[in-house]
Structures are given as C-alpha cells and as structure tokens.
Amino acid sequence: MNLRQTVTAAFVARATRRIHNQVLSLASTENSNEFATSYHAPVMWKECVEALLEGRDERRRGLTLLDGTLGGGGHSEAILQRLTAGDVLFGCDVDPQALKTATGRLERYLPGNTSHGPFFVPVQSNFGSLVETLAKTIHPISNKPIVESSLDGFLLDLGVSSHQIDCAERGFSFQQQGPLDMRMSGVGMTAADLCNELDVFELKRILKEYGDEPRAAKIADSIVRCRPLSTTSDLVEAVAAVTPEYAKKGRRMGRTATLARVFQSLRIVVNQEYQVLENVLTRVAPTLLRSGGKLVVLSYHSMEDRATKRAMRDGTLERSQRDERDMYGNTIGPPRPFRTLGKKRKASLEEVDVNPRARSATLRVAEKLEN
Ligand SMILES: C[S@@+](CC[C@H](N)C(=O)[O-])C[C@H]1O[C@@H](n2cnc3c(N)ncnc32)[C@H](O)[C@@H]1O
C-alpha cells in the first residue's frame, strides 16, 4: 500500500468509527432506561411488563401480581406505572437492604399512602418460601391472606443486583476488596466458610457443576493450599496462582473469565440458588398462580436458564420424571403446570449498549394451566 492509500484507509477507518459512535450514542439516548437508578438498571423491563399484562381482561378488576426479586424496585416501578386502582403488586426480596431501598422508592404506592391504589406491598422472604410467607400476608383490598391460585402474574429477575456486586463488604465481586461473604440474606455459611471447610473433591464438584470450570481440579487444589481464606483478594490470589492472566486459547481461559466463574459457582452454593430455584419454579409458582396467570423469568447463566426451560416445559427438573413413558411411548409422570408462551428472548443490541449486564439475560414466559 502506498502512502496515499494508507492515508485514505486511515481516514475511512476514522470516519467509520465516528459514524458508529454517533449511531451508538443515538441508540443510547433513545433507549436510555427510565427506571435505572444508581442501585440497579432493570433488564428488559418493557418486555417483562408486556408479558405480565398482555391480554389483560379489562373487565377483570383488581390484578394481584408478585415481583419475587424486588432488588432496587426498577421492574416493580415499571409495573406499578401500568397498573390501575384496585390492582396490587407484592414485592419480595431476601435482602433487607434491597427491601428498604425499593420500599423508599415506591413509598407513594404503600396502602397507607394511597386510598385507591394501585398498591405496593413489600415482603421480606426467600422466594422459595413464598407460599408460606404469603399465607401470612394480608391483601390490602380483600383483607385476606394470599392463598393458592390467587396470583395473576409472577416475575423473577434472578441473580444479584448491581448494587450487591458494587458493595465491597458483601464480597460478591472479584474486582472489589472485601470479606469473602456472598450471602444475600446475611445469614448462614459464607463463601469463606466453604473455601476453608469443604474437601478438595467437593470444591472441585462445585466449580465444575455450577461454573462449568475447565480448571476445576487445579483451582480446588490451590484453594486448599492457600487456606485460611477470609477476603475476596485471598480467593483471587488462589485462582491467580494456577491461571494465566491471558490465555492462548482465548478469553474463556483467561484470568478474568475464570474468576467470574469461580465467584459465581461459590455464590450459587452459599445461597443454595439451585435448590431454591427448583422450589420456586416447580412448587411455589404453580401453587400461587391462578390458571391463565403468567410466570415471567429472566435468567443470567446456563444453569438458571436450563432449570427455567425444563420447569416451564415439564414441571420438573428431574430427568427420571421427565422421561417417564408408557408402553406406547407417550410421556407420563406428574401433570404439567405450565404452557410455554413464545420463544426465549434476548435483550436488544441497543439495550446491551446501554447496559452490558443485559447481554447475558434470557427471558422466558409461561402460562399456568388448569389444575
Ligand atoms: C437482579 S436483582 C433484581 C433487580 C430488580 N428487578 C430491579 O429492577 O431492581 C435480584 C434480586 O433478587 C434477590 N434475590 C436473589 N435470590 C433471592 C431469593 N432466593 N429470594 C428472594 N430474593 C432473592 C437479590 O437479593 C436481588 O436483590
């Protein structure tokens, strides 16, 4: 390439980059998330609200909805803005800090602050125990507890909020120095307890099963060698000791991606996320939703999405029950509580540009069938 061609190529590249950046910033402005706060930006909120309220029978007054993962209250606020007098949204979180933040944000919808609604009722609970918790919670209009088959819609936006990740003292992030904690509820075993007390085989199993970690054995060995671990930096060092900063085989094998998988797998075990998810998808949601009620789930990694897909399709996560067939090859087993609605959905490119966390989100929707 001669000098003139080189200069022209550089000019074209620069102009292309400028146009690309302008398009991105235009997209960002058009798609700026009006329910985002410094606490958290709700992912795919329009799609979630649409899925919950689509086909609403206008003659049917008084919807009862449940946001099982209140977080900063972004999805809840978006839902409440579309509800009308006589509707009620219950908002649940296991984390007392999240509940406090969201309740402050949604104060104007609390039953004591509005005479006609829509109403917002905060509930502190693990979503795996919502059948029991709601049985003791009074509906602000009927003045009765929430019983079986009474919900019109149930939203789950799984995982942790940006605020939880950003809080160094919660110990969720490998990019922040803090205690190796990771408990959403603030009670029970911490990630440090797991690293210090589990044997090497159990650590390896956790990293493989919940993180799909290719170097599970080496990392488990290193954790055991580095004991006692008490901070996020201790765990980062244990992982760094057996992981190159950059890997020849690509980003997945590099240190950052490895740390993300290791922290995620320990977080899943600390909060018993698999067991709780199975419980909410196969027991809580089918019990609380009325027939025709919607289950809307946003998941962020393959374990969560696989569980959601199976529960919506088969009503169980157990392979043995799913595959039971009669002598003619027809599937038998427990009755299916849901009908899947549409295909899984991903966030738009514009939303991912504004909120990179949306990249890994998968949205699935199902409708509760007649009992
Ligand atoms: C992704 S954030 C939700 C963000 C929320 N949709 C918003 O718009 O701000 C997930 C929330 O679910 C909560 N959570 C996670 N597991 C839970 C569980 N088993 N029971 C109740 N809440 C849970 C977390 O504490 C966190 O606040």
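It should be noted that the structure appears before, not after, this text.
Predicted, not measured: the structure shown is a model, and the values here were computed from it.

Each value, and the rule that gives it
Residues numbered from 1 in each chain as written. Predicted model: local features only at pLDDT ≥ 70, side-chain atom pairs only at ≥ 80, totals over all residues. Heavy atoms only, no water. Axes fitted to C-alpha atoms, helices over the stretch in contact; angles between N-to-C directions. Helix = DSSP H or I, 4+ residues; strand = E, 2+ residues; numbered from the N terminus. Parallel < 35°, antiparallel > 145°, perpendicular 65-115°, else oblique. Contact = heavy atoms within 4.5 Å. Nonpolar A, V, L, I, M, F, W, Y, C, P; charged D, E, K, R; others polar. Near = heavy atom within 4 Å. Polar contact = N/O pair within 3.5 Å; in protein donor to acceptor, adjacent residues only side chain to side chain. Areas by Shrake-Rupley, 256 points an atom, 1.4 Å probe, with all protein chains shown as cover. Expected span 1.5 Å × (residues − 1). Phe/Tyr/Trp six-rings, centres within 6.5 Å; stacked < 30°, edge-to-face > 60°. Buried < 20%, exposed > 50% of the residue type's maximum accessible area, 1.4 Å probe, protein only. Pairing = 2+ DSSP bridges. Right-handed = clockwise from strand over helix to strand, strands pointing away. Salt bridge = Lys/Arg side-chain N within 4 Å of Asp/Glu carboxyl O. Core = buried A, V, L, I, M, F, W, Y, C linked by side-chain atoms within 4.5 Å. Domains from an automatic or database assignment.

1. Points about the packing of helix α8 (residues 200-211) against helix α11 (residues 255-270)
One way to put it is that α8 packs onto α11 with a least axis distance of 8 Å and a crossing angle of 100°. In this view, α8 runs roughly perpendicular relative to α11, as classed from their interaxial angle. Contact residues: α8 offers I206, L207, Y210 and G211, while α11 offers R261, V262, Q264, S265, I268 and V269. Classifying every residue of the contact of α8 with α11 by side-chain character gives six nonpolar, three polar and one charged.

2. Brief notes about the site of the ligand
Among the 25 residues in the neighbourhood of the ligand, the closest are listed as H75, D93, F127, D157 and Q164. Separating a nitrogen atom of the ligand from a backbone N or O atom of T69 is a distance of 3.5 Å. Here a nitrogen atom of the ligand sits 2.8 Å away from a polar atom, N or O, in the side chain of H75. When the ligand sits alone it has 600 Å² of accessible area, and the protein chains cover 97% of it. Of the residues assigned to the shell around the ligand, the class counts are eight nonpolar, 13 polar and four charged.

3. With respect to helix α13 (residues 302-314)
Compared with the 18 Å implied by 1.5 Å per residue over 13 residues, the 18 Å span of α13 between its first and last C-alpha is a close match. One or two residues past the end of α13 sits G315, with phi positive at roughly 80°.

4. Points about the packing of aromatic side chains
Tallied over the entire structure, the rule returns two aromatic pairs. For the pair F35 and W45, a centre-to-centre distance of 4.7 Å together with 80° between the ring planes defines the contact as edge-to-face. With a gap of 10 residues between them, F35 in the loop between α1 (3-30) and α2 (45-53) and W45 in helix α2 connect regions that are remote in the sequence. Both residues of the pair, F35 and W45, belong to the buried class.

5. Quick notes on the pairing of strand β3 (residues 119-124)
Two elements, strand β2 (residues 88-93) and β3, share six bridges in a ladder whose sense is parallel. Of the residues in β3, the one forming a bridge with L89 is F120. Once you follow β2 into helix α4 (residues 96-105) and on to β3, the crossover reads as right-handed.

6. A look at the pairing of strand β7 (residues 362-368)
Burial of β7 is extensive: seven of the seven residues sit out of reach of the surface. Neither face of β7 is left uncovered, since the one carrying T362, R364, A366 and K368 and the one carrying L363, V365 and E367 both have all their residues buried. Direction of pairing for strand β5 (residues 289-299) relative to β7: antiparallel, over a ladder of six bridges. Each bridged residue has a counterpart across the sheet, and for L298 the counterpart in β7 is L363.

7. A word on the sheet that holds strand β1 (residues 64-67)
One open sheet accounts for seven strands, arranged β3-β2-β1-β4-β5-β7-β6; its pairing is mixed. Only two strands of the sheet have a single partner each, and these edge strands are β3 and β6 (338-346). Going from strand to strand, the sheet's axes swing by 15° on average, the running direction of each strand aside. With three bridges joining them, β1 and strand β4 (residues 151-157) adopt parallel strand pairing.

8. A word on the environment of N196
In this structure, N196 sits in helix α7 (residues 191-197). Residue classification places N196 among the partly exposed positions, given a relative accessible area of 25%. Leave out the neighbours within four places in its chain, and N196 touches R227, P228 and L229.

9. What to know about the environment of G315
Relative to the assigned elements, G315 resides in the loop between α13 and α14 (319-322). Overall, the relative accessible area of 16% leaves G315 in the buried class. Along the sequence, G315 and E278 sit 37 residues apart, while their C-alpha atoms lie 9.9 Å from each other. Beyond its immediate stretch of four places on either side in the chain, G315 contacts T282, R310 and P337.

10. A short note on the pattern of salt bridges
Applying the stated criterion across every chain, the model contains 15 salt bridges. Across the pair R267 and E273 runs a salt bridge, and its minimum N-O distance is 2.9 Å. By relative accessible area, R267 is classed as buried at 11%. According to the relative accessible area criterion, E273 is buried, its value standing at 11%. Through salt bridges with shared partners, one network takes in E77, R105 and R108.

11. Points about the nonpolar core
Generally speaking, soluble globular proteins have nonpolar side chains that are buried together. Formed by 63 residues in total, the largest nonpolar core has its most connected members in L66, L130, F154, L180, L235, L281 and L295. Here this core takes seven residues from helix α12 (residues 273-288), the largest share from any one element. Taken together, domain 2 (45-161 + 275-368) and domain 3 (186-270) each give at least three residues to this core, which thus spans both. Aside from chain neighbours lying at most four places away, what touches L295 is F154, L281, A285, L289, M312, F338, R364, V365 and A366.

As far as function goes, none of this settles anything; it's purely spatial.
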